[in-house]
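In case you want the letters, here they are:
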2 protein chains.
Amino acid sequence: MNTIYSGKTKNVLEENGKCFLEFKDSMTGTDGVFDTGGNEVAGSIDGAGKECLKVTKFFFEKINEAGINTHYISADVDNNLMEVKRAKTFGKGLEVITRFKAVGSFYRRYGLYVEEGQDLNDYTEITLKDDKREDPLITKEGLVELNLLTAEEYDEIVKLNAKIANIVKDILKEHGLDLYDIKFEFGKLEGSDEIVLIDEVSGGNMRAYKDGEYVEPLNVSKYLGI
Amino acid sequence: MNTIYSGKTKNVLEENGKCFLEFKDSMTGTDGVFDTGGNEVAGSIDGAGKECLKVTKFFFEKINEAGINTHYISADVDNNLMEVKRAKTFGKGLEVITRFKAVGSFYRRYGLYVEEGQDLNDYTEITLKDDKREDPLITKEGLVELNLLTAEEYDEIVKLNAKIANIVKDILKEHGLDLYDIKFEFGKLEGSDEIVLIDEVSGGNMRAYKDGEYVEPLNVSKYLGI
């Protein structure tokens, strides 16, 4: 296989016209402390890539079953490989976050008007993937101004994100976990205008809680029984 | 007159049922350096209040003439007083910014996709007035989530802001100045659902340039010939 891109936690590989994501054991963090929102590689944990792929496979299959299009084709967990349809990100990538509770950066920004942990109604927001500028929040008007999304694409992605977030939330709930917030990425299928869910859906994308206790990203699969 | 509220750069006074803003000589800044975007009082300059009121009177009268509703009734520049209709802010206040050039915080946030100084198409965004949290950017969805605006009010304010910004831009242009960005505040008239422009419209609200050179807020009136 040829490596066509090497990222912080994944490589993109190619073989016989097929495209694969290889899940690595590296973990993101800030100043050497593991933090899934972190923008640098903080170290690596044996088996982290496999763990992430296992959960991603589980959720992508559920999301596909729900009739939502994703870039997922199949997963070979033993080899840390996920076969995907080729898709192009919007610009250098957007993070789309649906929040069910006012925690994290939402609470830090809007604490004048919300209590920490207050319920939110599928509130969805988009940030730019830009390590140097700490993934800035951007409005619909901003995304249109920068030619990253059309107004229609924005509306579609926000709606799709909230829908997928609720699917994941309901599944976690069945396994006794509460989802506070979750982020996804989207892309356009190559040679098409179809917008699909891309990248991964793992513990690292979400803040999940068990009886009020934060569940570490690598422990999510344990609760899912996978 | 009774002082019913004392702010950083203005007091709100009341007499015989009438409401007045008193423009003070205090100037905002950050760490003692004057900066109209600053969130603390950095000092005071003799005549700053009068200067600000003079420009505000000039623009409010032009904006009223253009058929846009504001809280402005009249101004007594000699006594630093502006009579206004009573209006209620949205929450503790919103700042609505229309940008014609990618400078300042817009460029700091979105420099991955824009050149500094690049033209923008009446791009309008809203921040919360919250000194402690450095006036965070907020989306339409966020304002609705926090019950600060309805979706319809958001659309109306954004449209109104861009319209007023263009009126000011055109006037400045006639006097040889280029407007890069400008911020306004809105409120609801007491006992009504009508949304009006409130507060001030002065050099401190805008970034104006003369032949590529930044014009200090207190010098804007000189170019207007007032």
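Residues numbered from 1 in each chain as written. Chains lettered and ligands numbered in written order. Predicted model: local features only at pLDDT ≥ 70, side-chain atom pairs only at ≥ 80, totals over all residues. Heavy atoms only, no water.

A. Broad picture of the interface of chain B and chain A. Each partner contributes residues to the interface: chain B has 32 residues there, and chain A has 31 residues. In this assembly, chain B packs against chain A so that about 2600 Å² is buried in total across both faces, 64% of it on carbon and sulfur atoms. On the chain B side of the interface with chain A, the three residues burying the most area are Leu-112, Tyr-113 and Glu-145 of chain B, jointly 26% of the side's total. Scanning the region where chain B abuts chain A turns up zero salt bridges. (Contact = heavy atoms within 4.5 Å. Buried area = accessible area lost by both parts, 1.4 Å probe. Salt bridge = Lys/Arg side-chain N within 4 Å of Asp/Glu carboxyl O.)

B. Local environment of the relation of the copies chain B and chain A. For the pair chain B and chain A, the superposition axis carries a translation of 0.0 Å, the fit reaches an RMSD of 0.0 Å, and the rotation angle comes to 180°. Taken together, the rotation angle and the small translation identify this as a two-fold axis. Distance from the rotation axis, computed per C-alpha, reaches its smallest value in chain B at Thr-139 of chain B: 2.7 Å. When the interface residues of chain B are mapped onto chain A, 97% of them again lie at the interface, so the same face is used by both copies. (Least-squares fit on C-alpha atoms with pLDDT ≥ 70 in both.)

C. Just the side chain of Glu-95 of chain A, in detail. All names here are of chain A. Mapped onto the elements of the fold, Glu-95 is located in strand β10 (residues 94-101). The class of Glu-95 is buried, set by a relative accessible area of 12%. Once residues lying within four places of it in the same chain are set aside, the contact partners of Glu-95 are Glu-125, Ile-126, Thr-127, Lys-129, Asp-135, Lys-183 and Phe-184. (Helix = DSSP H or I, 4+ residues; strand = E, 2+ residues; numbered from the N terminus. Buried < 20%, exposed > 50% of the residue type's maximum accessible area, 1.4 Å probe, protein only.)

D. Layout of the sheet that holds strand β4 (residues 26-30) of chain A. Residue and element names in this part refer to chain A. Pairing in this open sheet of three strands is antiparallel, and the strands run β5-β4-β6 from one edge to the other. Strand pairing shows two members of the sheet lacking a second neighbour, β5 (33-34) and β6 (40-44), which therefore form its edges. Pairing analysis gives two bridges linking β4 to β5, with the strands arranged antiparallel. Bridging from a neighbouring strand, Gly-29 pairs with Phe-34 of β5. (Pairing = 2+ DSSP bridges.)

E. Structural view of the environment of Asp-119 of chain A. Take Asp-119 of chain A: it is sitting in strand β11 (residues 119-128). For the pair Asp-119 of chain A and Asn-205 of chain A, spaced 86 residues apart in the sequence, the C-alpha separation amounts to 19 Å. Once residues lying within four places of it in the same chain are set aside, the contact partners of Asp-119 of chain A are Phe-100 and Lys-101 of chain A together with Glu-145 of chain B. Within the structure, Asp-119 of chain A has its side chain in polar contact with the side chain of Lys-101 of chain A (distance 2.9 Å). (Polar contact = N/O pair within 3.5 Å; in protein donor to acceptor, adjacent residues only side chain to side chain.)

F. Summary view of helix α4 (residues 151-174) of chain B. An ideal rise of 1.5 Å per residue puts 34 Å on 24 residues; α4 of chain B measures up with 35 Å between its terminal C-alpha atoms. Among the residues trailing α4 of chain B, Gly-176 of chain B stands out with phi positive, at a value near 85°. (Expected span 1.5 Å × (residues − 1).)

G. Fine view of the sheet that holds strand β3 (residues 18-23) of chain A. All names here are of chain A. One open sheet accounts for five strands, arranged β1-β2-β3-β8-β7; its pairing is antiparallel. Of all the strands in the sheet, the pair left with one neighbour each is β1 (2-6) and β7 (72-76). Pairwise comparison of adjacent strand axes, ignoring direction, gives a mean angle of 25° for this sheet. Note that β3 and strand β8 (residues 81-84) share four bridges and pair antiparallel. Bridge pairing links Leu-21 to Met-82 in β8. Across the sheet, helix α1 (residues 48-65) is in contact with β3, β7 and β8; its angle to β7 comes to roughly 145°. (Axes fitted to C-alpha atoms, helices over the stretch in contact; angles between N-to-C directions.)

H. How the structure looks around the domain arrangement of chain A. Residue and element names in this part refer to chain A. Each assigned domain of chain A is listed here: domain 1 (2-86) and domain 2 (88-224). Once you take the C-alpha centre of each, domain 1 and domain 2 turn out to be 17 Å apart. Tallying the contact residues gives 29 residues for domain 1 and 29 residues for domain 2. Summed over the shared surface of domain 1 and domain 2, the number is three salt bridges. (Domains from an automatic or database assignment.)

I. Examining the confidence of the model for chain A more closely. Summing up the model confidence of chain A, the mean pLDDT is 95 and the portion of residues at 70 or higher is 98%. Taken over the whole predicted complex, pTM reads 0.95, whereas the ipTM for its chain interfaces reads 0.94. (pLDDT = per-residue confidence, 0-100.)

J. Summary view of the pairing of strand β2 (residues 10-15) of chain B. Residue and element names in this part refer to chain B. Bridge count between strand β1 (residues 2-6) and β2: four bridges; the pairing is antiparallel. The residue of β2 that forms the bridge with Thr-3 is Leu-13. Hairpin connection of β1 to β2: three residues between the antiparallel strands. As paired strands, β2 and strand β3 (residues 18-23) are joined by six bridges and run antiparallel to one another. By the bridge assignment for β3, Lys-10 is matched with Phe-23. Between the end of β2 and the start of β3, which pair antiparallel, lie two residues, with Asn-16 showing a positive phi angle near 50°.

K. Seen up close, the environment of Asn-161 of chain A. All names here are of chain A. As for its position among the elements, Asn-161 is in helix α4 (residues 151-174). On a C-alpha basis, the gap between Asn-161 and Gly-91 in space is 18 Å, while along the polypeptide they are 70 residues apart. Leaving out residues up to four positions away in the same chain, Asn-161 has contacts with Val-96, Ile-97, Thr-98, Thr-124, Phe-184 and Phe-186. Within the structure, Asn-161 has its side chain in polar contact with the side chain of Thr-98 (distance 2.8 Å).

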